[in-house]
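# A structural walkthrough
So you can see what is in the structure, the chains are spelled out below.
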Amino acid sequence: MAHSGNSAAELARRIESKEAVVAILGLGYVGLPLAVSFARAGFKTHCFDSDRRKVAAINAGRRYIRHIPASDVRAIGESGGRASASLKDLPSADAVVIAVPTPLTPQREPDISHIIEAAVAVASTLRPGQLVSLESTTYPGTTREVLLPFLARSGLKPGRDFFLAYSPEREDPARAGHSARDLPKVVGGLTRRCLDLASLLYGKIVPEVVPVSSPEAAEAAKLTENIFRFVNIGLVNELKTVFDRMGVDIWEVVEAAKTKPFGYMPFYPGPGLGGHCIPIDPYYLLWKAREYGRTARFIELAGEVNAAMPDRVLRRTAEELNRERKSLNGSRILLVGVAYKNDIDDVRESPGLKLLDMFEAGGARVDYHDPHVPRLAGRGADGKGMKSVVLRASALAEYDAVVVTVAHSKVNYRMLGESARLIVDTKNAMAGVDAVRARVVKA
Ligand SMILES: NC(=O)c1ccc[n+]([C@@H]2O[C@H](COP(=O)([O-])OP(=O)(O)OC[C@H]3O[C@@H](n4cnc5c(N)ncnc54)[C@H](O)[C@@H]3O)[C@@H](O)[C@H]2O)c1
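## Quick look at the overall build of the protein
- Within the protein, the regular secondary structure consists of 15 helices and 15 strands.
- Here the protein has a C-alpha radius of gyration of 24 Å; the compact-globule value for 443 residues is 22 Å, and the two agree.
- Principal-axis analysis of the C-alpha atoms gives the protein an extent of 80 × 50 × 40 Å.
- Among the 443 residues that make up the protein, the fraction classed as buried is 52%.
- In the protein, once contacts between residues fewer than 6 apart in sequence are set aside, the share between residues at least 24 apart is 66%.
- In the protein, 60 side chains carry a positive charge and 51 a negative one; their mean positions are 2 Å apart.

Encoded structure:
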C-alpha cells in the first residue's frame, strides 16, 4: 500500500505498469462498458453494484445489457476482478470510478441520493493513494461540494493523500460508428496532481484526454453537450409543428438543410424525449442556476416543447381516427416501439411508454411490438405486465391505428404498410416503404 508522502508517484507508477486495481461503482449503461474497457486494457477490475442480479450476471459472465455481449462481460472476470454488492474489495482498488444514476425527483429537481450513497461507501474505505473519479452526469459543483466533504472526513488530504476528479461519460448506447472508447474524454481534477493522475488513468482507455481546469468545468462541459441536444431537439420539434401546418415535411427539410457543411447540424423530430440523459440533465443546471439568481430560459422553453410531444401524437391519432368516424375510446392501437430510441432495449423516460399510458387512459385497447423489449412489467389494463405481440399481417388488419414511436431496424415496416389500416408515423420509419394498404400519417 502507498504511503501518503509518495502517494501520487506510487499511484502513477501502478497505473503506468497496469498493476493498479480499478473499481467501478454502478454497473449500468455507463459503468459496465467502462469496467470492460479497463479490464481489456489490462487492469484488474472490480465491480460494485447494489443490484445483486447484475453482480451475479457479471460473476457468471452473462450478458444483461442487450448491446454488451457476454464476451465483454467475461473480460471482467478474466482481468482477475469480480463483482460484489459489498465493499470488501474496495480498499484494494487504486482507482474508484463512480457511475451511479442521477435522476430527478418527482418535482424535477436533482436527486443525488445515489451519489451520496456512493460517497459514503467510498469514504468508508478510503486509504492513502486512492484516486476517486465521478462519472455520473450532474450539476457543476457536485464533486467539490458533495463528494469531497465525505472523503475529507477521513482526515486524508485531497491532492496529497488521495486524488479526486470528475470525468463525464460520452456513452451513447448502441450508436453505430462511435463508441465512447474512441472519443476524447474530458477530465477535471480538484488539484493539478488529481488531474494528472486521472488523465494518466483515462489515457489507458481512450485515444485522447481533454484536461480542463476544474471539476466544475468538466461537469459543465457534459451538461453543455446534452443541453445543446435538448434545445435543438426542442427547436426541430417546434419547427415540425409549424411546417406541418404549412403542408411542408420536416424530414425533407432537414435532409435538404443538412447538405450545408457548416453552421448547421441535423436534429430530428419525434414523439418526445427519452433515456436517462437528455430529458433529465438540463434540469440539473436549471436547478443550480437558481442558487446564482439565474434562470435558463432556453432549457425551460425546450422542455415545454419536448414535453408536449406525446400529447401531440395522441391528439393527432385521435383526429385521424375521428376522420374514419372512430373514437379513441374503444379503438385498438398497436404501438410499435416502447424503447426510447432506435435499436436499444432501454425504456427509461420513453415516450412510447408515456403514449401507452395516455392511450389506455383515453379508453383505447393497446398492444405493443418491440423486438428489443419482449416484456413490460407492471403494465397493461390489469397491471400484470404486457408482452410484445408478434407482427402478423392478419393481426395488423385488426388494429384501428398503428403508432410508430421508433425506427428500429429489426421491425418489418413493409409488412406494416401492406397490412395495417392507419399508421401514425412519428419517426419517418415508413419513408421509402410502399404502403400498399395503410394510410400513413406523419405526426
Ligand atoms: N445511459 C447513458 O447513455 C449515459 C451516458 C452518459 C452519462 N450517463 C450518466 O451516467 C450515470 C449512470 O447512468 P446509467 O445509464 O449507467 O445508469 P444505470 O441505472 O444503467 O446504472 C447505474 C447502476 O448503479 C447502481 N447503483 C445505484 N446506486 C448505487 C450504489 N449506491 N452503490 C452501487 N451501485 C449503485 C444501480 O443498481 C445501477 O446498476 C448517470 O449520471 C447518467 O446520467 C449515462
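## Quick word on the sheet that holds strand β13 (residues 401-404)
- The strand order β10-β9-β13-β14-β15 describes an open sheet built from five strands, whose pairing is parallel. The sheet is open, and its two borders are formed by β10 (365-369) and β15 (439-442), each paired with just one other strand. Going across the sheet, the axis of each strand differs from the next one's by a mean of 20 degrees, ignoring polarity.
- When strand β9 (residues 332-336) meets β13, the two strands line up parallel, connected through four bridges. Along β13, the bridge assignment pairs V336 with V404.
- Contacting β9, β13, β14 (422-425) and β15, helix α12 (residues 309-323) crosses the sheet at an angle of about 150 degrees to β15.
- Along the sheet, helix α13 (residues 351-361) makes contact with β9, β10 and β13, crossing β9 at roughly 175 degrees.

## Digging into the side chain of Q130
- The residue Q130 is located in the loop between α5 (113-125) and β5 (131-134) in this model.
- By relative accessible area, Q130 is classed as buried at 1%.
- Reaching out from Q130, the side chain makes a polar contact with the backbone oxygen of A93 at a distance of 2.8 Å.
- Here R127 takes part through its backbone nitrogen, which lies 3.1 Å from a polar atom of the side chain of Q130.
- Excluding its chain neighbours within four sequence positions, the residues that come into contact with Q130 are L11, L90, P91, A93, D94, V96, T125, D161, F162 and F163.

## Things to note about the packing of aromatic side chains
- Considering all chains together, one arrives at seven aromatic pairs under this definition.
- Considering the side-chain rings of Y139 and W287, the 5.1 Å spacing of their centres and the 45 degrees angle between planes classify their relative orientation as tilted. Taken as a pair, Y139 in the loop between β5 and α6 (142-152) and W287 in helix α10 (residues 281-291) lie far apart in primary sequence, 148 residues in all.
- Here W287 falls in the partly exposed class, since its relative accessible area comes to 27%.
- With centroids separated by 5.7 Å and ring planes inclined at 70 degrees, the aromatic side chains of F228 and F267 adopt a geometry described as edge-to-face. One end of the pair, F228, is in helix α8 (residues 215-246); the other, F267, is in the loop between α9 (250-257) and α10, with 39 residues separating them in the sequence.
- Ring pairing ties together the aromatic residues F38, F43 and Y202, which thus form one cluster.
- It is R108 that lies over the ring of Y283; its NZ or CZ is 4.8 Å from the centre.
- Over the ring of Y202 we find K185; its NZ or CZ atom is 4.5 Å from the centre of that ring.

## What about helix α11 (residues 297-307)?
- Inspection of α11 places I299, A302, G303, V305 and N306 among the buried residues, and these make up the whole buried set. One face of α11 carries all of its buried residues, which in axial projection span an arc of 165 degrees. The outward face of α11, more than 90 degrees from its buried face, is lined by the exposed residues R297, E304 and A307.

## Quick look at the site of the ligand
- Near the ligand, the surroundings consist of 26 residues, among which V30, D49, K54, T102 and E117 are the closest.
- In isolation the ligand offers 820 Å² of accessible surface; the protein chains occlude 91% of this area.
- Taken together, the residues of the shell around the ligand sort by class into 10 nonpolar, eight polar and eight charged.

## A closer look at the domain arrangement of the protein
- Per the domain assignment, the segments of the protein are domain 1 (4-213), domain 2 (223-306) and domain 3 (309-442).
- Each of domain 2 and domain 3 has a C-alpha centre, and these two points are 24 Å apart.
- Contact residues are listed per partner, giving 18 residues for domain 2 and 17 residues for domain 3.
- Taking both sides of the interface into account, the surface hidden between domain 2 and domain 3 amounts to around 1400 Å²; carbon and sulfur atoms contribute 58%.
- Three residues stand out in domain 2 for area buried against domain 3, namely W251, P271 and G275, and they jointly supply 42% of the buried area on that side.
- Taken together, the links from domain 2 to domain 3 amount to five residue pairs in polar contact (both at pLDDT 80 or more).
- Contributions of two or more residues to the side of domain 2 that touches domain 3 are made by α8 and α11.
- Counting residues per element, the side of domain 2 that touches domain 3 draws most heavily on α8, which supplies four residues.
- Grouping the constituent residues of the side of domain 2 that touches domain 3 by class yields seven nonpolar, eight polar and three charged.

## Observations concerning α10
- What α10 keeps buried is the set D281, P282, Y283, Y284, L286, K288 and A289.
- Positive phi shows up at G293, right after α10, with a value of about 65 degrees.

## Points about the packing of α8 against α10
- Following both chains from N to C, one finds α8 and α10 inclined at 110 degrees, their axes separated by 8 Å at the closest point. Taken as axis vectors, α8 and α10 run roughly perpendicular relative to one another. Where α8 crosses over α10, the two elements pack in a sense that is left-handed. Between α8 and α10, the residues in contact are L223, N226, I227 and F230 and D281, P282, Y283 and L285, respectively.
- Taken together, the residues of the contact of α8 with α10 break down into six nonpolar, one polar and one charged.

Conventions and cut-offs
Residues numbered from 1 in each chain as written. Predicted model: local features only at pLDDT ≥ 70, side-chain atom pairs only at ≥ 80, totals over all residues. Heavy atoms only, no water. Helix = DSSP H or I, 4+ residues; strand = E, 2+ residues; numbered from the N terminus. Rg over C-alpha atoms; globule rule 2.2 N^0.38 Å. Buried < 20%, exposed > 50% of the residue type's maximum accessible area, 1.4 Å probe, protein only. Contact = heavy atoms within 4.5 Å. Lys, Arg positive; Asp, Glu negative; His and termini not counted. Charge placed at Lys NZ, Arg CZ, Asp CG, Glu CD. Pairing = 2+ DSSP bridges. Axes fitted to C-alpha atoms, helices over the stretch in contact; angles between N-to-C directions. Polar contact = N/O pair within 3.5 Å; in protein donor to acceptor, adjacent residues only side chain to side chain. Phe/Tyr/Trp six-rings, centres within 6.5 Å; stacked < 30°, edge-to-face > 60°. Lys NZ or Arg CZ within 6 Å of the ring centre and 35° of its normal. Arc of directions from axis to C-beta. Near = heavy atom within 4 Å. Areas by Shrake-Rupley, 256 points an atom, 1.4 Å probe, with all protein chains shown as cover. Nonpolar A, V, L, I, M, F, W, Y, C, P; charged D, E, K, R; others polar. Domains from an automatic or database assignment. Buried area = accessible area lost by both parts, 1.4 Å probe. Parallel < 35°, antiparallel > 145°, perpendicular 65-115°, else oblique. Left-handed = near helix turned anticlockwise from the far one by under 90°.

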